[in-house]
Each structure stands twice: as C-alpha cells, then as structure tokens.
Amino acid sequence: MLELTVLTVPDCPNEAILLERLDQALDGHPEVRITTQVIDTEADAARWGMHGSPTLLINGVDAFAAQGAPASVSCRLYRDEAGPTGGAPSVAALREALGEARSGALPQVADSVIPAVLAQAAGRGGRGRVAPVEGGLRAVHQRVLRSFAETGRPPAPADLDEVAMVYGRSGAVVMADLHTADLLRLDAGDAIIAAYPFSPVPTRHRVQIDDGPQVHAMCAVDALGMAAMLGRDVTINATEPGTGHPITVTVPAHANIPGGGGPVVWAPESAVVFYGQQEAAACCADPQPEDVAPAAAEVCCDCINFFTTPAAAQAWSQAHPHITGQVLAQRQAWQIGVHIFGPLLQPFV
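Residues numbered from 1 in each chain as written. Predicted model: local features only at pLDDT ≥ 70, side-chain atom pairs only at ≥ 80, totals over all residues. Heavy atoms only, no water.

**Notes on the sheet that holds strand 16 (residues 234-239)**
Argument step 1. The antiparallel open sheet is built from six strands, whose spatial order is 13-15-14-16-17-18. Where the open sheet ends on each side, the last strands, each with one partner, are strand 13 (198-199) and strand 18 (265-267).
Argument step 2. Alignment of strand 13 against strand 15 (residues 214-217), held across two bridges, turns out to be antiparallel. Its bridge partner being in strand 15, Phe 198 is matched across the sheet by Ala 217. (Pairing = 2+ DSSP bridges. Helix = DSSP H or I, 4+ residues; strand = E, 2+ residues; numbered from the N terminus.)

Next up, the structure:
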C-alpha cells in the first residue's frame with residue numbers, strides 16, 4: 001500500500017493543484033491513502049524532508065527532490081522532460097513516480113541514495129515509523145518515546161493506561177499492537193526491549209541529550225536521528241565493532257539549516273556508518289509472514305554501526321559475509337536518521 005503525504009506551508013496556493021493532479025494520477029487506485037502536513041518552520045521542513053511547498057512524499061520519500069536540494073519552506077517549482085509544470089509535478093510525472101514506488105524502486109533523497117534495505121526492516125517495508133493515530137497507537141507510542149527522552153526509562157504501565165483509556169483501550173492492548181507493527185518490541189513478559197530509536201539496555205551507541213538524560217540507541221542511524229526527533233542537541237559516543245575504537249558525533253537539533261545549529265561534527269573526521277542487515281532466518285526467534293517485514297531489532301539493529309574509516313567498515317563487512325549492506329557517507333547516514341525519526345514526535349489532532 002502506498003502512503004502519500006503532501007507537505008505544504010500554510011495557505012499554499014499550489015496545494016490544490018497537486019491534489020487535483022494526484023487525483024488524476026491515482027485514478028483506479030482507491031486504496032492509496034493521502035494525508036496533508038502543514039510545515040511552517042525550516043526545522044520542521046528538515047525533519048519532514050520538505051524541499052519547498054508543496055512537496056509530495058511517497059512512502060516517506062520525496063521522489064522529485066533535486067540533487068543537493070536543501071530543506072525549505074519556500075514556494076517550489078517543478079519541471080519534467082517537457083519543461084516547466086508549475087507548482088506541482090505533471091500528471092505523467094506523478095504516474096511514473098507512483099509506478100516506481102509500487103515496483104520497489106526507491107528514488108533519491110537530497111544528495112544521497114537511501115539504501116534499499118531502508119524499505120524493509122528498518123523502515124517497516126517502506127511504511128516508516130510514524131504510528132497510526134487510530135486506536136491510540138500514536139498517542140501511546142509518543143508517550144513511550146517521551147519517557148525515554150525525559151527520564152531515560154520506559155513509562156510505567158499506569159501512564160500508558162491513562163493515555164490509552166482516551167481511546168477506550170488499555171495500555172497493554174495498544175502496546176501489543178505497536179509490537180505487532182514493529183513500532184517497538186516487547187519481550188515475553190511484555191517489557192519493552194526496543195523503542196526505536198531508544199534501547200532500554202546498554203548498546204555501543206550512548207547518546208547524551210542536551211539538558212536531558214544519557215540514553216542508548218538501537219543503532220547508529222537511530223542515534224543520528226534523535227536530535228531531529230527531540231528538537232534538542234545530542235552527543236553520540238559510540239565504539240567501533242571489533243576494535244572498540246571511540247567515535248563521537250555531535251548533532252545539533254537543527255543541523256545544516258540556515259540560521260540553525262551548525263553542522264554535524266564527526267570525530268574522527270573519517271568516520272562513517274555501515275548500514276547492514278542479516279537474513280531473518282538466521283536470527284529471528286519469531287519469524288514473520290512473507291509479506292511482513294521482519295523486526296528491525298532482530299535483523300538490522302546490530303548491523304548498523306559507526307566505524308572510524310570506510311576501510312574499517314569494509315573490513316568488518318568482509319569478515320561477516322552473512323550481513324549485506326553498504327558504507328554510508330556521513331551526510332547520507334544523518335539524512336536517513338532524520339528521515340526515519342524526525343517526524344515521530346510531531347503533534348497531531
């Protein structure tokens with residue numbers, strides 16, 4: 001199923017044009033869900049991946065982003081092979097992008113290419129990590145994330161019941177639904193063992209939240225996405241698999257945004273991220289149906305790590321042939337973290 005999100009500034013004059021052309025491009029596909037998100041700050045534009053208004057996200061990805069395009073709340077102009085198309089992609093261009101998304105061909109985002117594995121476990125088969133509003137899932141999910149961000153610990157069951165009761169449900173039932181959707185993970189006793197991006201147990205990715213607790217991230221990309229999700233600066237202290245060499249990454253809340261918090265700083269400057277995944281059959285205690293992506297905590301979190309150099313990452317990869325993946329440049333790894341986790345704590349009605 002395709003999920004389309006239209007990102008616009010308030011009162012965008014081209015929003016109606018895009019929605020009208022989408023309606024034509026989607027003729028015969030009523031199963032596609034379209035939502036609209038109003039963006040009014042550069043920081044939110046970066047978190048959501050808006051490169052001008054209006055922006056169309058197809059399963060969370062901007063299929064029309066130009067190479068190196070910055071986040072922006074300015075008006076956006078489109079063109080295709082036939083020339084300018086005005087304030088929205090042409091119907092033909094929309095049909096082509098939707099067709100590519102259905103076939104699993106992921107487009108480029110800004111100046112990086114998102115690895116294909118992002119559409120599987122890490123990105124829940126292309127569905128992203130924003131919980132549905134229905135049934136109290138998003139409200140309870142956000143309560144879990146805020147508890148980790150504020151205290152470094154999961155919330156008490158009574159806190160979750162208080163949130164879930166607004167939806168006529170219990171916290172335990174909603175948490176079970178979140179587990180099934182791999183929006184978090186529970187053990188056999190219903191204790192949280194993963195609340196992406198947070199880990200309730202120590203990992204090799206320690207994250208100090210500015211004016212907040214020290215927490216642990218499930219993986220390197222999760223750690224890189226925390227600042228955008230929380231709107232707070234973070235400092236990541238990680239260790240390289242195999243050698244234990246330290247890597248430190250300082251991520252401002254509004255990194256790389258004009259007038260924002262400055263660049264992401266990596267030490268050593270040669271550091272990279274290896275983005276990998278192992279076969280579900282080799283690790284999953286609870287195999288998923290063929291049409292359901294396996295849990296990220298089981299197949300990829302241990303395989304997404306910081307390394308001091310690209311050579312070190314490649315050497316580790318060669319020593320672990322059961323893991324497939326690729327080395328990500330610094331900006332690419334950070335962008336993926338923002339793409340996945342930036343929207344998770346956005347307010348909703």
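**Some details on the sheet that holds strand 1 (residues 3-8)**
Neighbouring strands of a sheet are bound in pairs by backbone hydrogen bonds; such pairs are parallel or else antiparallel.
Argument step 1. The strand order 2-1-4-5 describes an open sheet built from four strands, whose pairing is mixed. One side of each edge strand has no neighbouring strand; the edge strands of this open sheet are strand 2 (33-38) and strand 5 (61-62).
Argument step 2. Against the sheet, helix 1 (residues 15-25) engages strand 1, strand 2 and strand 4 (55-58), with an angle of about 160° to strand 1. (Contact = heavy atoms within 4.5 Å. Axes fitted to C-alpha atoms, helices over the stretch in contact; angles between N-to-C directions.)

**Comments concerning the packing of aromatic side chains**
Argument step 1. Using the criterion set out here, one finds five aromatic pairs in the structure.
Argument step 2. Centre to centre, the rings of Phe 148 and Phe 198 are 5.4 Å apart; their planes meet at 10°, and the pair counts as stacked. One end of the pair, Phe 148, is in helix 4 (residues 137-151); the other, Phe 198, is in strand 13, and 50 residues separate them in sequence. We note that Phe 148, like Phe 198, is buried.
Argument step 3. Where Phe 307 meets Trp 316, the ring centres are 5.5 Å apart and the plane angle is 50°; that geometry is what we call tilted. Per residue, the accessibility class of Phe 307 equals that of Trp 316, and both read buried.
Argument step 4. Pairwise contacts between aromatic rings join Phe 274, Phe 307 and Trp 316 into one cluster.
Argument step 5. Its guanidinium or amino end placed over the ring of Tyr 196, Arg 129 lies 4.1 Å from that ring's centre, counting from NZ or CZ. (Phe/Tyr/Trp six-rings, centres within 6.5 Å; stacked < 30°, edge-to-face > 60°. Buried < 20%, exposed > 50% of the residue type's maximum accessible area, 1.4 Å probe, protein only. Lys NZ or Arg CZ within 6 Å of the ring centre and 35° of its normal.)

**Remarks on helix 6 (residues 171-180)**
Argument step 1. All buried positions along helix 6 are accounted for by Gly 171, Val 174, Met 175, Leu 178 and His 179. Take helix 6 and look down its axis: the buried residues cluster within an arc of 145°, on one side only. (Arc of directions from axis to C-beta.)

**Points about the confidence of the model for the protein**
Argument step 1. The share of residues in the protein with pLDDT of 70 or more is 83%, and the mean pLDDT across the chain is 85.
Argument step 2. Predicted confidence is poor over residues 281-285, with pLDDT under 50, and the contacts of this stretch with residues over four places away or in other chains come to seven contacts.
Argument step 3. Confidence drops under a pLDDT of 50 for residues 287-291, and excluding neighbours within four residues, the segment shows three contacts in the predicted structure. (pLDDT = per-residue confidence, 0-100.)

**Remarks on helix 10 (residues 330-341)**
Argument step 1. A rise of 1.5 Å per residue sets the reference length of helix 10, with its 12 residues, at 16 Å; its end C-alpha atoms lie 17 Å apart and thus fit the reference within 8%.
Argument step 2. Within helix 10, nine of the 12 residues are buried, leaving the element largely enclosed by the surrounding structure.
Argument step 3. Along helix 10, the residues that are buried comprise Gln 332, Ala 333, Trp 334, Gln 335, Ile 336, Gly 337, Val 338, Ile 340 and Phe 341. (Expected span 1.5 Å × (residues − 1).)

**A closer look at the packing of helix 5 (residues 157-164) against helix 6**
Argument step 1. Close contact between helix 5 and helix 6 brings their axes to 8 Å; oriented N to C, the two are set at 90°. Accordingly, the angle class assigned to the pair helix 5 and helix 6 is roughly perpendicular. On helix 6, the residues that touch Leu 160, Asp 161 and Ala 164 of helix 5 are Gly 171, Ala 172, Val 174 and Met 175.
Argument step 2. When grouped by side-chain class, the residues that make up the contact of helix 5 with helix 6 number five nonpolar, one polar and one charged. (Parallel < 35°, antiparallel > 145°, perpendicular 65-115°, else oblique. Nonpolar A, V, L, I, M, F, W, Y, C, P; charged D, E, K, R; others polar.)

**Description of the pairing of strand 17 (residues 246-251)**
Argument step 1. Only one face of strand 17 is buried, namely the one carrying Ile 247, Val 249 and Val 251, since none of Pro 246, Thr 248 and Thr 250 on the opposite face is buried.
Argument step 2. In this structure, strand 16 lies alongside strand 17, joined through six bridges in antiparallel fashion. Within strand 17, the residue paired with Ala 238 across the bridge is Ile 247.
Argument step 3. What sits between the antiparallel neighbours strand 16 and strand 17 is a turn of six residues, in which Gly 242 has the positive phi angle 90°.
Argument step 4. Here strand 17 pairs with strand 18 via three bridges, running antiparallel. Among the inter-strand pairings, Val 249 is bridged to a residue of strand 18, identified as Trp 266.

**Side note on the side chain of Glu 240**
Argument step 1. With respect to the helices and strands, Glu 240 occurs in the loop between strand 16 and strand 17.
Argument step 2. Within the buried core, Glu 240 has no salt-bridge partner, and the shortest N-O distance to an opposite charge, that of Arg 204, equals 8.8 Å.
Argument step 3. A polar atom in the side chain of Glu 240 sits 2.7 Å from the backbone nitrogen of Thr 308.
Argument step 4. Residues within four places of Glu 240 in sequence aside, it is in contact with Arg 204, His 245, Ile 247, Phe 306, Phe 307, Thr 308, Thr 309 and Ala 312. (Lys, Arg positive; Asp, Glu negative; His and termini not counted. Salt bridge = Lys/Arg side-chain N within 4 Å of Asp/Glu carboxyl O. Polar contact = N/O pair within 3.5 Å; in protein donor to acceptor, adjacent residues only side chain to side chain.)

**Comments concerning the environment of His 245**
Argument step 1. With respect to the element layout, His 245 can be found in the loop between strand 16 and strand 17.
Argument step 2. Residue His 245 is classed as partly exposed on the basis of its relative accessible area of 41%.
Argument step 3. For His 245 and Thr 308, which are 63 residues apart along the polypeptide, the C-alpha to C-alpha distance reads 7.3 Å.
Argument step 4. When residues no more than four places from it in sequence are discounted, the contact partners of His 245 are Ala 238, Thr 239, Glu 240 and Thr 308.

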